[in-house]
Amino acid sequence: MNKTLGRILLLTLLAAGIALAVIYRDRFDVAALDAWLSEAGPVAPLLFMALYAVAAVLFLPGSVMTLAGGALFGPVLGTFYNLTGATLGALLAFLVARYLAADWVAQRTGGRLKQLIQGVETEGWRFVAFTRLVPLFPFNLLNYALGLTRIPLLHYLLATYICMLPGALAYTYLGYAGREAVAGGEGLIQKGLLALALLAVVAFLPRLIAIVRKGRLLQTHELKRRLDAGEDLLLLDVRKPEDYHGELGHIPGAVNIPLEELEQRLGELGDYQERPVATVCRTDRMSAAAARLLAQQGFADVHVVRKGMVGWNEQGYPVEQ
């Protein structure tokens, strides 16, 4: 069997599997999993992890599997089985995408998709870690998308397994607490509060990651050097138009999007999701707020220009008005 025929066969099987998963999606719930696994005996954990991996490949909801893992195996073993099954599914989807389409994508992609792939490959495991920690990205689709890049397999696996742990722990414990509530177990209030606390930690992760990723302060002389060197850097001025064209002027080549409009106009900055961005305002207060917003939306390399246009003018660097 040649490589082309093998790809066609694999793609056909994958498409058929996804179609069947969509058709029978309503039968995929915790009760059904409990019924399937109750008769499996000692091999139930292995069967569960295999089912979780297949579910990830076929775009079935991982939340059902994770809650079921907590309900069936408890918070400790359930977390381990959930995390292992999800990582196996992520690995399979990654390998399928790499085998089926990576070469084709590398030859034919251009424009925004090519820039995105290059940006992902530049950041490497850090990008994978961010997408696993912050639940803003569809898990099943992301596994396939990352397979189209040249991220090393080991980096992908380690970042996936380690950085999915907080979410896996929280939702596994939620499944366990729900099962205990139905069964009328002891300590329901404490278990419920702990489940809510774990979910709160997971919900806070985007803000925490934004703080980590918001970028170092960029000194004005360093910004001038990078601009003079012709670096592909987006200089984002977040002042109002009257200030952008006002007394302090603006740095040549800067893009003006006022801070209050930034969230609605993020689509205009899509090419720089994984490329350097420097935010600037009069000093650095509004530009720091803009940097936090960009980091929360997944922008990977955001910097704040220290002292903003005041510092730029103090150095006597050129401005436009």
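The numbering scheme is per chain: residues are counted from 1 as the chain's sequence reads. Local features in a predicted model are, by the rule used here, given only for residues with pLDDT of at least 70; side-chain atom pairs are given and counted only at 80 or more, and totals for whole chains, interfaces and linings are based on all residues. Only heavy atoms go into the side-chain values, all of them from the structure, while hydrogens and water stay out.

**Digging into the overall build of the protein chain**
So, step 1. Helices and strands together make up the secondary structure of the protein chain, namely 16 helices and five strands.
So, step 2. Whether a residue is buried, partly exposed or exposed follows from its accessible area with a 1.4 Å probe, protein chains only, as a fraction of its type maximum: under 20%, in between, or over 50%, in that order. Counting only residues that meet the buried cut, the protein chain has 45% of its 321 residues in that class.
So, step 3. By definition, residues are in contact when any of their heavy atoms lie within 4.5 Å. For the protein chain, long-range pairs separated by at least 24 residues make up 75% of all intrachain contacts whose partners lie at least 6 apart in sequence. Here a helix means four or more residues in a row that DSSP labels H or I, a strand means two or more in a row labelled E, and each is numbered from the N terminus.

**Quick word on the UniProt feature "transmembrane region" (unreviewed entry) in the protein chain**
So, step 1. UniProt positions are given in the numbering used here, feature names are shortened, and annotations may be inferred rather than shown by experiment. Mapped onto the present numbering, the UniProt feature "transmembrane region" (unreviewed entry) falls at residues 45-68, 80-101, 124-146, 153-173 and 193-212.
So, step 2. Annotated as residues 45-68, this span is 83% helix and 0% strand, and its ends, taken at the C-alpha atoms, are 12 Å apart.
So, step 3. Taken end to end, residues 153-173 is 95% helix and 0% strand, and its first and last C-alpha atoms sit 30 Å apart.

**Some points on the packing of aromatic side chains**
Think of a pair of aromatic rings as described by two things: how far the centres are apart, and how the planes are tilted against each other in angle.
So, step 1. Within 6.5 Å between ring centres, the rings of Phe, Tyr and Trp (the latter by its six-membered ring) count as paired, and their orientation is classed by plane angle as stacked under 30 degrees, edge-to-face over 60, tilted in between. For the coordinates displayed, the defined rule picks out eight aromatic pairs.
So, step 2. Their ring planes at 20 degrees and their centres at 4.1 Å tell us that Phe 94 and Tyr 156 sit as a pair that is stacked. Pair noted here: Phe 94 is in helix α5 (residues 75-108) and Tyr 156 is in helix α9 (residues 153-163), with a separation of 62 residues, a long-range link. Neither Phe 94 nor Tyr 156 differs from the other in exposure class; each is buried.
So, step 3. Both a distance and an angle decide whether a charge sits over a ring: NZ of Lys or CZ of Arg must be within 6 Å of the ring centre and within 35 degrees of the ring normal. One cation-aromatic arrangement involves Arg 275 over Tyr 272; the distance from NZ or CZ to the ring centre is 4.3 Å.

**Focus: helix α15 (residues 285-296)**
So, step 1. Taking 1.5 Å per residue as the helical rise, α15 with its 12 residues ought to reach 16 Å, and the 17 Å between its terminal C-alpha atoms agrees with that figure.
So, step 2. Turning to α15, its buried residues number three or more, namely Ser 287, Ala 290, Ala 291, Leu 293, Leu 294 and Ala 295.
So, step 3. At the C-terminal side of α15, Gly 298 shows a positive phi close to 95 degrees. What a helix should span is 1.5 Å times the count of its residues minus one.

**Describing the pairing of strand β5 (residues 301-305)**
So, step 1. For β5, the tally of buried residues reaches four of five residues, placing the bulk of the element in the interior.
So, step 2. By definition, two strands form a pair when at least two bridges between them are found by DSSP. In terms of strand pairing, strand β1 (residues 217-218) meets β5 through two bridges, oriented parallel. Considered in β5, the bridge of Leu 218 is made with Val 305.
So, step 3. Sheet topology places strand β4 (residues 276-280) next to β5; four bridges connect them, and they run parallel. For Pro 276, the partnering residue across the bridge sits in β5 and is Asp 301.
So, step 4. Think of it like this: strands point away, you trace from the first strand over the helix to the second, and a clockwise trace means the crossover is right-handed. Viewed along the sheet, the connection from β4 through α15 into β5 turns out right-handed.

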